[in-house]
Amino acid sequence: PGACFSRVRPSPLQNPRLVAMSLPALALLGLEAPAGGGEAAEAEAALYFSGNRLLAGSEPAAHCYCGHQFGSFAGQLGDGAAMYLGEVLGPRGERWEMQLKGAGLTPFSRQADGRKVLRSSIREFLCSEAMFHLGIPTTRAGTCVTSDSKVVRDVFYDGNPKSERCTVVLRIASTFIRFGSFEIFKPTDEYTGRKGPSVNRNDIRIQMLDYVISTFYPEIQEAYSDNSIQRNAAFFKEITKRTARLVAEWQCVGFCHGVLNTDNMSIVGLTIDYGPFGFMDRYDPEHICNGSDNTGRYAYNKQPEICKWNLGKLAEALVPELPLEISELILEEEYDAEFEKHYLQKMRKKLGLIQLELEEDSKLVSELLETMHLTGGDFTNIFYLLSSFSVDSDPSKLEDFLVKLTSQCASVEELKVAFKPQMDPRQLSMMLMLAQSNPQLFALIGTKANINKELERIEQFSKLQQLTAADLLSRNNRHWKEWLEKYRVRLQKEIESVSGADAWNTDRVKVMNSNNPKYILRNYIAQNAIEAAENGDFSEVRNVLKLLENPFQDAEVFGEVKEDAEEEGATATAAACAQETRSRLPYCSKPPLWASELCVT
């Protein structure tokens, strides 16, 4: 009670060693790798960023917060595995918080051990940096350090535990304060009966608001220094708009967060807490990246509305310092409008619509996504290809382009994997009987939506048994021809509004290539890097990091060099043969069939 943090100490690790470091992230702190200092610099980074030695002036602390998890108030949560080390004033005068994730027990660890393993740490490290280089607001990752200390984890919660290496990520952000930080004051929740540890401590809420607004929103503090309600309303309006823009950015690169609880929402509008995230491969609006999200609460298409719901919970947590009637009005007036505006602006850039802003553009975008959905198109690669679409109506050029486009659509085999029924037929028939005979009991163990989805899957799967590759190709060609004609007409309107078509086309391609990444952190790419690292070879993590630092067109040269090097047999000896063959696939490929079996919980 009455605490925003608890003082802690990192628990030492055995033989810490560096997996990888991000020099652009470390530069924020004024750190750089010394010339020729390879091994010594790595050893020093491993010593400090494992938590084995504290930086001078460091006062480690674990943050206390609450949260709504999967829609229900969970009470006190807090940093169960992360430790704030302190704040650094960077070379450009910016303040950066440093945090070690996986540094050991804290008072908020509950039944856990305060440790993270190589798998999850590599994913968080790589994705933090990938998101930054995609231009999406995010916390950063400076280093990933592993060790010989081991913990036991049941990876898929299926009774098959295994021993894994303790690993620590250095996270960097202006602040790690979250929506849930303000929920420590929450009175007893009417649904769960839980409450925050600091009910009735409005003095602390005022202190936290003063700190957050004066430190991270100084212009708002300055403009409303004599009226706290107006100041708090301006702050809530700004975090509402930032959150709306953030989710719009996610939707435009096919990023799914996976666990959008209120404790995983940043008070300054950053992507925070990378767990079972995933970049969507085959476009599916209902894509669920988190294997333990059984109801699909955090599916790709639900992210915008969930973040709005979370802002509603933040609004409740700010009462009485911001009355609910004010914040609810702000949320209704600002969120959807800001999301739609930012989403459409970004989509126009992705489609190269750089001259005109027409009302019909929104329909063109939704028809493109519908076509992608119908053809099982790869979200990233289809957008990337569109910059090479030729506006002139030469039939041979169109045919060539269609070949490229349809090669990025799902094959019959891939569709069979995607629509494979997930329930035992006997279980399904029992559930259907139960839904009719005992709806109350059915409501406890299943949902109508889940059953309907399974029936839909069965229907699709049986249709696929009759579908030939030639039929699928001809169907895909038909769908894409229809949409490309609409796209060509829209691009024609752009040309008519400019004086020089060639200069316009050069600009269009440039804008598209800086908004449509060629490389994203696909699950299979992360998995290859993880498997190599688990075998003691960190080179793949480092290669992938380099690739993700240049996700757009200019990374192509690196990709080709990397693939040539692989052809020359420069694969690490520690990686098993399976990894060698797996990593041969160019990083910009749509995923191999085995990738669909990957499950991240």
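Residues numbered from 1 in each chain as written. Predicted model: local features only at pLDDT ≥ 70, side-chain atom pairs only at ≥ 80, totals over all residues. Heavy atoms only, no water.

**Student:** Which residues make up the overall build of the chain, and what are the values?
**Tutor:** Helices and strands together make up the secondary structure of the chain, namely 21 helices and 12 strands. In terms of overall dimensions, the chain is globule-like: its C-alpha atoms have a radius of gyration of 25 Å, near the 25 Å expected for 601 residues. With respect to the three principal axes, the spread of C-alpha positions in the chain is 70 × 65 × 60 Å. By residue count, 51% of the 601 residues in the chain fall in the buried class. Surface exposure of the chain reaches about 27100 Å², of which carbon and sulfur atoms provide 52%. (Helix = DSSP H or I, 4+ residues; strand = E, 2+ residues; numbered from the N terminus. Rg over C-alpha atoms; globule rule 2.2 N^0.38 Å. Buried < 20%, exposed > 50% of the residue type's maximum accessible area, 1.4 Å probe, protein only. Areas by Shrake-Rupley, 256 points an atom, 1.4 Å probe, with all protein chains shown as cover.)

**Student:** How would you summarise empty space enclosed by the protein if you had to cite specific residues and measurements?
**Tutor:** Empty space among the atoms becomes apparent when a probe as large as a water molecule is rolled across them. The tally for this structure, following the rule as stated, stands at three cavities of 30 Å³ or more. Here the largest cavity is characterised by a volume of approximately 40 Å³. Forming the boundary of the largest cavity are Thr 243, Leu 246, Trp 250, Asn 264, Met 265, Ser 266, Gly 269, Leu 270, Thr 271 and Ile 272. For the lining of the largest cavity, the class distribution of residues is five nonpolar, five polar and no charged. Taken together, Tyr 48, Gly 51, Arg 53, Leu 54, Leu 55, Ser 58, Leu 85 and Leu 100 make up the full set of residues lining the second largest cavity. The residue makeup of the lining of the second largest cavity, split by class, is five nonpolar, two polar and one charged. (1 Å grid on protein atoms, 1.4 Å probe; cavity = no way out; pocket = protein on both sides within 12 Å on 5 of 7 lines; lining within 4 Å. Points joined across faces, edges and corners; volume = space filled by probe spheres on them. Nonpolar A, V, L, I, M, F, W, Y, C, P; charged D, E, K, R; others polar.)

**Student:** A description of the side chain of Thr 243 should follow, citing residues and the corresponding values.
**Tutor:** Checked against the element boundaries, Thr 243 lands in helix α6 (residues 228-253). Here the side chain of Thr 243 touches Ile 239 through a polar contact of 2.7 Å, landing on its backbone oxygen. Among residues more than four places away in sequence, those in contact with Thr 243 are Phe 179, Met 265, Cys 307, Leu 311 and Tyr 335. (Polar contact = N/O pair within 3.5 Å; in protein donor to acceptor, adjacent residues only side chain to side chain. Contact = heavy atoms within 4.5 Å.)

**Student:** Give a description of the packing of helix α11 (residues 395-406) against helix α16 (residues 469-496) that names residues and reports values.
**Tutor:** As a packed pair, α11 and α16 sit with axes 10 Å apart at the nearest point and diverge in direction by 120°. In this structure, α11 crosses over α16, and the sense of that crossing is right-handed. On α16, the residues touching Leu 398, Glu 399, Phe 401, Leu 402, Leu 405 and Thr 406 of α11 are Leu 473, Asn 476, Asn 477, Trp 480, Lys 481 and Leu 484. Here the residues of the contact of α11 with α16 are counted per class, giving seven nonpolar, three polar and two charged. (Axes fitted to C-alpha atoms, helices over the stretch in contact; angles between N-to-C directions. Left-handed = near helix turned anticlockwise from the far one by under 90°.)

**Student:** Could you give an account of the environment of Pro 591, with specific residues and numbers?
**Tutor:** Here Pro 591 shows up in the segment after α21 (577-582). Residues within four places of Pro 591 in sequence aside, it is in contact with Asp 281, Asp 378, Glu 414, Arg 522 and Tyr 524.

**Student:** Hey, could you go over the domain arrangement of the chain for me, with residue numbers and the actual values?
**Tutor:** Partitioning the chain into structural domains gives domain 1 (5-318) and domain 2 (416-465). Each of domain 1 and domain 2 has a C-alpha centre, and the two are 37 Å apart. (Domains from an automatic or database assignment.)

**Student:** Let's hear about helix α4 (residues 202-216): which residues, and what values?
**Tutor:** With 15 residues, α4 should reach 21 Å at 1.5 Å per residue; the first-to-last C-alpha distance of 21 Å fits that figure. Considered for burial, the residues of α4 that qualify are Ile 204, Arg 205, Met 208, Leu 209, Val 212, Ile 213 and Phe 216. The buried side chains of α4 occupy one side of the element, clustering within an arc of 155° when seen end-on. In the core, the buried residues of α4 are packed alongside α5 (218-223), α6 and α7 (303-317). (Expected span 1.5 Å × (residues − 1). Arc of directions from axis to C-beta.)

**Student:** Now, about the packing of α16 against helix α17 (residues 501-513): what can you tell me, with residues and values included?
**Tutor:** Direction vectors running N to C along α16 and α17 enclose 125°, while the axes themselves pass 10 Å from each other. In terms of axis orientation, α16 runs oblique to α17. At the point where α16 passes α17, the crossing takes the right-handed sense. Facing Tyr 487, Leu 491, Glu 494 and Ile 495 of α16, the residues of α17 in contact are Ala 501, Trp 504, Arg 508 and Met 512. Looking at the contact of α16 with α17 residue by residue, the classes come out as six nonpolar, no polar and two charged. (Parallel < 35°, antiparallel > 145°, perpendicular 65-115°, else oblique.)

**Student:** Run through the pattern of salt bridges, naming residues and quoting values.
**Tutor:** Per the counting criterion, the structure on display carries 43 salt bridges. Asp 273 is paired through a salt bridge with Arg 178; the nearest N and O atoms lie 2.6 Å apart. You can see Asp 273 sitting in the loop between β11 (255-256) and β12 (278-279) and its partner Arg 178 sitting in the loop between β10 (162-173) and α4, a full 95 residues away along the chain. As far as burial versus exposure is concerned, Asp 273 and Arg 178 are alike and both buried. Between Glu 316 and Lys 313 there is a salt bridge whose closest N-O contact spans 3.2 Å. Within this pair, Glu 316 and its partner Lys 313 are both found in helix α7, separated by three residues, close to a single helical turn. (Salt bridge = Lys/Arg side-chain N within 4 Å of Asp/Glu carboxyl O.)

**Student:** Before we move on, can you summarise the nonpolar core with the specific residues and values?
**Tutor:** Counting residues in each nonpolar core, the largest one holds 143 residues, and the members touching the most others are Phe 182, Phe 236, Leu 351, Leu 386, Tyr 487 and Leu 521. No other element matches the 12 residues that α6 contributes to this core. If we skip the residues at most four places from it in the chain, Tyr 487 touches Leu 351, Leu 353, Leu 364, Leu 386, Phe 389, Arg 508 and Met 512. (Core = buried A, V, L, I, M, F, W, Y, C linked by side-chain atoms within 4.5 Å.)

**Student:** Lay out the environment of Val 498 in plain terms, naming residues and giving numbers.
**Tutor:** Inspection of the secondary structure puts Val 498 in the loop between α16 and α17. Residue Val 498 is classed as partly exposed on the basis of its relative accessible area of 21%. A sequence separation of 193 residues divides Val 498 from Glu 305, and the C-alpha atoms of the two residues are 38 Å apart. Leave out the neighbours within four places in its chain, and Val 498 touches Gln 355 and Trp 504.

**Student:** Just give me the short version of helix α9 (residues 361-375), but keep the residues and values in it.
**Tutor:** Taking 1.5 Å of rise per residue, 15 residues should cover 21 Å, and α9 covers 21 Å from first to last C-alpha, within 8% of that figure. Turning to α9, its buried residues number three or more, namely Asp 361, Leu 364, Val 365, Glu 367, Leu 368, Leu 369, Thr 371, Met 372 and Thr 375. On the buried face of α9, the contacting elements are α8 (324-350), α10 (379-385) and α16. Following α9 by one or two positions, Gly 376 adopts a phi angle in the positive range, close to 65°.

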